[in-house]
Each structure stands twice: as C-alpha cells, then as structure tokens.
Amino acid sequence: MKKLYLLVLIVILSCLGCSAKEPKEEDMSVSTSAEKVIEAMMSCPNAELYNSKAVEMIGDGITEADNEAAKEEQARLKNNWKVLVGDYFEEGTFEDFLGITATTFLTEADMTGEIISVESIELVEKHEYTELVKVNLKRDDKEEQVTILFTYDSEGKIKKVEMQ
C-alpha cells in the first residue's frame, strides 16, 4: 500500500512539474497594443490626433458654423485614433479612452508648444489581465517618467488605460 501511495504521489508531483510553464518571451516584454497606444498618446505635437480646431468654443464672436467645424474636426481626429489604435480596445471602451486619457499629453503640448517624445518603454510587471509600463519621455530638453497601467479583457483587448 505504501508503494502505491508513493507511486501516486510521484505521478502527481511529476504532472505538477510538467504543467509549470516557463514564461514565454513575449510575456516578458511590453505588448504591441500598449506600445502603439503609448506612442500615439505621447508623441507630440501630432495634429492628426489632436489640434485646437477640434475644441468647441462659447462666447462673443463664436458662431454655430465655428462649432460645426469643430465637430467635423473632432470626427476626423476620432477616426484617425480609431484607425491607429481602435482595434486594440475592447468594444465600448475606446470612447472612454478618447475622452479621458488619450489626449492628455497632446493637449498639453498644443497649449505649451512643447515637443514630447517617447524615449523608451519598459515593462514593470505583467499579469494575466494587467500590464504596468514605465515610459521615459523627453519634454523639449527635460526627461520625465510616467507609469501607465493597462487592463485587458480575456481576449487581450484593452479595457482601460490609467496613468499612475
């Protein structure tokens, strides 16, 4: 009986050892979707993804035609974003990304006249549904680090992009 128990234990432990996965090389690097989104968000200025013509205004001298032109520009820019990174997002989350995170750096660069470029992108940690990424930026002549958390669905589509 002891031999049978020992044999079963050895078989179970062997199976456990076989099922332990070595990390795949692609699991140890920043995902393509995160890289593409970061490059789009943080390479500024980029008039194809953000420009002040898309901002609706109120006040004296602003006409309905001005705001219609702004809406047309918003639609054009949204389409550019969709073509560039839209396929990386879970259905229904792309608009939230555009409204909350996408244009933070682009807007800032447009307002200040700064040139912002991505110097490097490094993986901090990666889990089944999340990826924490450190981005080294150059703002004119100054260096800056930004950390971004990407959350994914079960199909690997981006659900959320959060600045940390």
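Rules used throughout
Residues numbered from 1 in each chain as written. Predicted model: local features only at pLDDT ≥ 70, side-chain atom pairs only at ≥ 80, totals over all residues. Heavy atoms only, no water. Core = buried A, V, L, I, M, F, W, Y, C linked by side-chain atoms within 4.5 Å. Buried < 20%, exposed > 50% of the residue type's maximum accessible area, 1.4 Å probe, protein only. Helix = DSSP H or I, 4+ residues; strand = E, 2+ residues; numbered from the N terminus. Contact = heavy atoms within 4.5 Å. Expected span 1.5 Å × (residues − 1). Arc of directions from axis to C-beta. Salt bridge = Lys/Arg side-chain N within 4 Å of Asp/Glu carboxyl O. Pairing = 2+ DSSP bridges.

Chemist: Could you give an account of the nonpolar core, naming the residues involved and the relevant values?
Modeler: The biggest cluster of nonpolar side chains holds 31 residues, and the ones touching the most others in it are Met-42, Trp-81, Phe-97, Ile-148 and Phe-150. Among the elements of the structure, helix H2 (32–42), helix H3 (64–85), helix H4 (94–100), helix H5 (104–112), strand S1 (116–126), strand S2 (130–139), strand S3 (142–152) and strand S4 (158–163) are those that each provide at least two residues to this core. Ranked by the residues each element gives to this core, the list is headed by H2, at 6 residues. Sequence-distant contacts of Met-42, defined by excluding residues within four places in its chain, comprise Phe-105, Ile-116, Ser-117, Val-118, Val-135, Leu-137, Val-146, Ile-148 and Met-163.

Chemist: Describe H3, listing the residues and the values that go with them.
Modeler: For H3, spanning 22 residues, the distance from its first C-alpha to its last is 31 Å, which sits close to the expected 32 Å at 1.5 Å a residue. Of the positions making up H3, those classed as buried are Asn-67, Ala-70, Glu-73, Leu-77, Trp-81 and Val-85. What you see down the axis of H3 is that its buried residues fit within an arc of 115°, all on one side. With respect to the buried face of H3, the exposed residues turned more than 90 degrees away are Glu-64, Ala-65, Glu-72 and Val-83. On the buried face of H3, the contacting elements are H2, H4 and H5.

Chemist: Any chance you could break down the pattern of salt bridges for me, citing the residues and the numbers?
Modeler: Considering all chains together, one arrives at 9 salt bridges under this definition. For Arg-139, the salt bridge goes to Glu-144, with nearest N and O atoms at 2.4 Å. Shared partners join several salt bridges into a network, and the residues in it are Glu-108, Glu-114, Arg-139 and Glu-144.

Chemist: Account for the pairing of S2, naming residues and giving values.
Modeler: Summarising burial for S2: 7 of the 10 residues are buried, a large majority. Relative to S2, S1 is paired through 9 bridges, and the arrangement is antiparallel. Looking at the pairing, Leu-123 lines up with Val-133 of S2. The hairpin turn running from S1 into S2, its antiparallel successor, is 3 residues long. Pairing analysis gives 10 bridges linking S2 to S3, with the strands arranged antiparallel. Across the sheet, the residue bridging to Lys-134 is Thr-147, located in S3. Here S2 folds back onto S3, and the loop between the two strands holds 2 residues, one of which, Asp-140, carries a positive phi near 50°.

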